[in-house]
Amino acid sequence: MLRRLFAAQREVLAVTVVVSLLVGIFLGGGWEQAVRTLMITSIYAGITGNLMRLAGPRVGRWAMRFGTPLNYLLLTVSLAGLGAIGAGLSASVLSGINEAMGLFTPSALRVIARMSLQLSVLVSVIVGIVTTLAERRRAELEQTIEQQEAEFQRAKEIQVGLLPASLPALPGYLASGHWKPARSVGGDYYDLWLIPDGAAGLCMADVSGKGAAAALLMANLQAAVKVTATTRFSPADLCFRLNRVLKANLGRGRFVTMFVADLDLATHRLTYANAGHNPPLLLRRSGVLEELKGTGPALGVLSTARYREASVVIEPGDRLLLFTDGLPEAGIEAGAPLGEEGVAEALRYSPDPQALIRGLESKVEGKLHDDVTMLALYRLV
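Rules of the game
- Residues numbered from 1 in each chain as written.
- Predicted model: local features only at pLDDT ≥ 70, side-chain atom pairs only at ≥ 80, totals over all residues.
- Heavy atoms only, no water.
- Core = buried A, V, L, I, M, F, W, Y, C linked by side-chain atoms within 4.5 Å.
- Buried < 20%, exposed > 50% of the residue type's maximum accessible area, 1.4 Å probe, protein only.
- Helix = DSSP H or I, 4+ residues; strand = E, 2+ residues; numbered from the N terminus.
- Contact = heavy atoms within 4.5 Å.
- Phe/Tyr/Trp six-rings, centres within 6.5 Å; stacked < 30°, edge-to-face > 60°.
- Patch = residues over 30% accessible without salt bridge, like charges linked within 9 Å, V, L, I, M, F, W, Y side chains within 5 Å.
- Areas by Shrake-Rupley, 256 points an atom, 1.4 Å probe, with all protein chains shown as cover.
- Salt bridge = Lys/Arg side-chain N within 4 Å of Asp/Glu carboxyl O.
- Pairing = 2+ DSSP bridges.
- Polar contact = N/O pair within 3.5 Å; in protein donor to acceptor, adjacent residues only side chain to side chain.
- Axes fitted to C-alpha atoms, helices over the stretch in contact; angles between N-to-C directions.

It is worth spelling out the nonpolar core at this point. With 52 residues, the main nonpolar core has Leu202, Met258, Leu270 and Leu299 as its most contacted residues. When residues in this core are grouped by element, the largest group, seven residues, is from strand 3 (residues 199-207). Not counting residues within four places of it along the chain, the set of residues in contact with Leu270 comprises Leu202, Ala261, Asp262, Leu263, Leu292, Ala310, Ser311, Val312, Ile314 and Leu320. The next biggest cluster of nonpolar side chains, apart from the first, holds 19 residues, and it includes Leu327, Ala346, Leu356 and Leu360.

Laid out in structure tokens, this is it:
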């Protein structure tokens, strides 16, 4: 008989757990109240089971009169679930049940009441401690996140300050640039600056990786380029010197791709070196598309690397676009990258640099896999 009773108790325990959660939620306490109710209910359920074992056949005969787990659920909830409302009320209910059924002696009932009060206080204290610790931890995490966001915002402001606020006016040319990191900060860099004696410098670089580490390396690279290329310079020699410095200081697996050029504003000859960077696109006025391909490996890979120079003449009506690999790779995670064909098409049908940048920016909006940087230069007819 008691075996059947205990089997019914196991079936009822699962239902009691569900009831406890629902009671905790619908009483307005939310999940915290639900957890409190569940913990107290579980303790009371264990107490009632032990007491039934101690009570023996008398309880068994009474329980078999009820006959079903549903009826036994009423007793279990009365003894266990009321712990979520209060130990005093639970003790009162036990007294009423005992008067009607004579299950326990007065001394046993007093023991149960004391146990109920002690366990309720204990569970309340435990839940209170856990809740306090969780709230404190959540507050600390929120504060840490806020601090990190503020630091990243300051880092972004510093990095933006290293990029050209506005591009210089080149006689006979229109220019426009764009920089968009995949995260708060990034490893892309571009610049266009005037050089004495009628020339201009162009640079586009991409540090391997993303985030703060790439941004720090980009800042160092920008400083090195600015210091070195204040006068007419050799792009190949600049790459050679930067490569030696980066190779000695970069960690394993880190590298920088870079396209750097000297534009003679009198002859319109663009002399460049391409250190492993994706080839800039030169669209001739005739419609022929040329790629300014690599003239050496990425910086920081080989200490013995050598770089050569190449040159092209920018004719009236020609269009030049420098970009990092994040542009053609945009959308790759969705299986539909823009690709170099999409970049070339935008270059072909954009009447001016600003329209080109705006069009490409709209195409990759929300699809960034990597940092995206562009520099467009159109020679006027």
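Once that is clear, we can look at unusual backbone geometry. One non-glycine residue, Asp197, adopts positive backbone phi at about 75°. Note that Asp197 resides in the loop between strand 2 (188-195) and strand 3. Judged by relative accessible area, Asp197 falls into the exposed class, the value being 70%.

The next subject is the packing of aromatic side chains. Inspection of the entire model under this criterion finds two aromatic pairs. Between Trp193 and Phe233, the ring centres sit 6.4 Å apart and the planes meet at 15°, which makes this aromatic pair stacked. Of this pair, Trp193 sits in strand 2 while Phe233 sits in the loop between helix 6 (212-228) and helix 7 (235-249), and the two are 40 residues apart along the sequence. By the burial criterion, Trp193 is buried, and Phe233 matches it.

Nonpolar side chains collect at one region of the surface, where Phe255, Val301 and Leu302 lie side by side and expose about 230 Å² of accessible area between them. Structurally, the position occupied by Phe255 is in the loop between helix 7 and strand 4 (256-264). Residue Phe255 is classed as partly exposed on the basis of its relative accessible area, which comes to 32%.

With nine of its nine residues buried, strand 4 lies for the most part within the structure. Side chains Val256, Met258, Val260, Asp262 and Asp264 project from strand 4 onto one buried face, and the interleaved Thr257, Phe259, Ala261 and Leu263 project onto a second face that is buried too. Across nine bridges, strand 3 lies against strand 4 in antiparallel orientation. Note on strand 4: the bridge partner recorded for Ala205 is Met258. Across six bridges, the pairing between strand 4 and strand 5 (residues 269-275) is antiparallel. Looking across to strand 5, one finds that Met258 is bridged to Ala275. Connecting strand 4 to the next strand, strand 5, in antiparallel fashion are four residues, including His268 with a positive phi near 65°.

Inspection of the secondary structure puts Asp188 in strand 2. A polar contact of 2.8 Å, which involves the side chain of Asp188, links it to the side chain of Thr324. Within the structure, the side chain of Asp188 is placed 3.0 Å from the side chain of Thr373, a separation counted as a polar contact.

Counting through the fold element by element, Ala266 comes out in the loop between strand 4 and strand 5. Judged by its relative accessible area of 66%, Ala266 is exposed.

Our next topic: the pairing of strand 2. With seven of eight residues buried, strand 2 lies mostly within the body of the structure. Note: strand 2 against strand 3, eight bridges, orientation antiparallel. Looking at strand 3, one finds that Trp193 is bridged to Gly201. Taking the residues that link successive antiparallel strands as the turn, the strand 2-strand 3 hairpin has three residues, and the phi of Asp197 there is positive, at about 75°.

So, on to the sheet that holds strand 9 (residues 319-323). One open sheet holds the five strands; their spatial order is 1-10-9-6-7, and the pairing between them is antiparallel. Each of the sheet's edge strands pairs with one partner strand only, and the pair in question is strand 1 (173-180) and strand 7 (289-291). Mean inter-strand twist for the sheet, computed between neighbouring axes without regard to direction, equals 15°. Across the sheet, helix 9 (residues 339-349) touches strand 6 (281-283), strand 7, strand 9 and strand 10 (372-379), and the angle it forms with strand 9 is around 145°. The sheet strands contacting helix 10 (residues 353-364) are strand 1, strand 9 and strand 10, and the helix crosses strand 1 at an angle near 20°.

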